Amino acid sequence: MKYRSILLFGAPGVGKGTQGKVLGGIPNYFHCACGDVFRNLRADSPLGRLFIEYSGRGQLVPDEPTIRLWRDFLENNMKIGRFHPEHDTLVLDGIPRNVQQAKILRNTLNVSAVFYMQSKDENKLIARIQRRAVKENRLDDANLKVIRDRLQVYENETMPVLKFYGRHLVHRINSDQAPDKVLVDILKIATKKK
Ligand code: ADP
């Protein structure tokens, strides 16, 4: 069975996590933030070390271990009764993050909408990321060089995912609005797609 899914898509700092958390609080939506799954790994485990190595440079973790971890996360959440694929919509945040991941997940996901969250102001994104560095103790958010590398990786590797899903699935969302307005814009579309 394919998982019914919506994708939160956009540059680092654009507010995917904020929206994902709120959406995940609505019955029958299940939020999965790939970065959070990585951050919950033990730092001394092999995958935890791999994550620190790549994310510390602003790079993506290689696809195979990323997808494996993501599948394990969902399976565990099914086992403990948090994720019910037969009636939940999966809210994906941070995955798929390149075209290869989208291809690997082609037979796993039934994507009904891609919310392309856009901000006109890159400086605002950078400021948000830097605030988050302190609050969430994130190594990859702490220095400007790594942030710029992540924005570049987003442009080069993640943006092509939009084309993979095609125009009919992609909905542009103005993420420079207040978070409640962004949420309304997303929900207006998501509720129609159910
Ligand atoms: P942001 O949205 O701010 O870029 P995330 O929390 O989504 O941050 O991701 C943090 C880091 O975790 C990424 O820079 C990357 O190293 C790793 N990561 C998260 N999701 C993926 C993924 N799908 N594929 C590869 N690496 C990932």
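Conventions adopted
- Position numbers for residues count from 1 along each chain, tracking the sequence in the order it is written.
- In view of the model being predicted, local features appear only for residues whose pLDDT reaches at least 70, and side-chain atom pairs are presented and counted only at 80 or more, with totals across whole chains, interfaces and linings using the full set of residues.
- The basis for every side-chain value is the complete set of non-hydrogen atoms in the structure, without hydrogens or water.
- Throughout, an axis means a line fitted to C-alpha atoms (over the contacting stretch in the case of helices), and angles, computed between N-to-C directions, take values from 0 to 180 degrees.
- Counting from the N terminus, the helices are the DSSP runs of H or I reaching at least four residues and the strands are the DSSP runs of E reaching at least two.
- Each angle is binned into one of four classes, with values under 35 degrees roughly parallel, values over 145 roughly antiparallel, values of 65 to 115 roughly perpendicular, and all other values oblique.
- Note on convention: the crossing is left-handed when the near helix lies turned anticlockwise from the far helix by less than a right angle, right-handed when the turn is clockwise.
- Residue contacts follow a heavy-atom distance rule, with two residues in contact if any of their heavy atoms lie within 4.5 Å.
- Here the nonpolar group is Ala, Val, Leu, Ile, Met, Phe, Trp, Tyr, Cys and Pro; Asp, Glu, Lys and Arg are the charged ones; every other residue, Gly included, is treated as polar.
- Nearness is defined per residue: one heavy atom within 4 Å of the molecule or strand is enough.
- Polar contact is the term for a pair of N or O atoms within 3.5 Å; when the atoms are in protein, one must be able to donate a hydrogen and the other to accept it, and sequence-neighboring residues count only if both atoms are side-chain atoms.
- Computed with a 1.4 Å probe, the accessible areas rest on the Shrake-Rupley method; for each residue, only the protein chains presented here act as cover.
- Put simply, the grid is 1 Å and covers the protein atoms alone, a cavity is a trapped set of points that fit a 1.4 Å probe, a pocket is an open set with protein on both sides within 12 Å along at least five of seven lines, and lining residues have an atom within 4 Å of a point.
- Each molecule is checked against the cavity or pocket grid, and it sits inside if more than half of its atoms lie within 2 Å of the grid points.

Asker: Tell me about the packing of helix H6 (residues 122-136) against helix H8 (residues 144-158), and please be specific about residues and values.
Answerer: Pairs of packed helices are described in terms of their axes, by the angle between the two and the distance that separates them. Interaxial distance between H6 and H8 falls to 11 Å at its minimum, and their mutual angle equals 125 degrees. If you check the angle between H6 and H8, you find them oblique. Pair H6 / H8 crosses with right-handed handedness. Between H6 and H8, the residues in contact are Glu122, Leu125, Ile126, Ile129, Gln130 and Arg132 and Leu144, Ile147, Arg148, Arg150 and Leu151, respectively. Looking at the contact of H6 with H8 residue by residue, the class counts come to 6 nonpolar, 1 polar and 4 charged.

Asker: So, the site of the ligand: which residues are in play, and what are the values?
Answerer: The ligand sits among 20 residues. The nearest are Arg39, Gln59, Arg97, Arg132 and Arg150. Between the ligand and Arg39, the relevant distance is 2.8 Å, taken from an oxygen atom to a side-chain nitrogen or oxygen of the residue. Here an oxygen atom of the ligand and a side-chain polar atom of Arg150 are 2.7 Å apart. Here the ligand loses 96% of its free accessible area of 550 Å² to cover by the protein chains. The pocket occupied by the ligand, as judged from atoms lying within 2 Å of grid points, is the largest pocket. At the level of elements, helix H2 (34-39) and helix H3 (46-55) are the ones that each hand at least two residues to the shell around the ligand.

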